[in-house]
Amino acid sequence: MTTSPSFPSIDVLAIVGVGLIGGSFAAALRKAGRVKRVLGVGRRPGPLAQAKRMGLIDDAVSLEEAARVADVIFL
């Protein structure tokens, strides 16, 4: 029997583009308990609002804000 390696948690993750790939990445990290806060960055407010309603992101922010506060940025 093998054990999986231990991966560190991410305090603040920024997702640039919260569509299918970015949203799935955020959801998987949340499900695994590996991320504390997820920020969404995008060009249009509609998809960001939907991602927030779905619980994929905690807040929508500008790219500048994401760069300032995020520990990891997923492009």
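Residues numbered from 1 in each chain as written. Predicted model: local features only at pLDDT ≥ 70, side-chain atom pairs only at ≥ 80, totals over all residues. Heavy atoms only, no water.

1. Overview of the pattern of salt bridges
For the coordinates displayed, the defined rule picks out five salt bridges. Aspartate 59 is the salt-bridge partner of arginine 37, the closest N and O atoms lying 3.2 Å from each other. Taken together, the residues arginine 37 in strand β2 (residues 35-41) and aspartate 59 in strand β3 (residues 59-60) connect sequence positions 22 residues apart. Between lysine 52 and aspartate 59 there is a salt bridge, with its nearest N and O atoms 3.5 Å apart. Salt bridges linked by common partners bring Arg37, Lys52 and Asp59 together as one network. (Salt bridge = Lys/Arg side-chain N within 4 Å of Asp/Glu carboxyl O. Helix = DSSP H or I, 4+ residues; strand = E, 2+ residues; numbered from the N terminus.)

2. Brief notes about the environment of phenylalanine 7
Mapped onto the fold, phenylalanine 7 is located in the segment before β1 (10-16). Along the primary structure phenylalanine 7 and alanine 60 are separated by 53 residues, whereas in three dimensions their C-alpha atoms are 26 Å apart.

3. Concerning the sheet that holds strand β4 (residues 72-74)
Within a sheet, neighbouring strands are paired by backbone hydrogen bonds and run either parallel or antiparallel to one another. Strand order in the open sheet formed by four strands is β3-β2-β1-β4, and the pairing between neighbours is parallel. Looking at strand neighbours, the two that pair on one side only are β3 and β4, the edges of this open sheet. Inspection of the sheet shows β1 paired to β2 by six bridges, in the parallel sense. Within β2, the residue paired with leucine 13 across the bridge is valine 38. (Pairing = 2+ DSSP bridges.)

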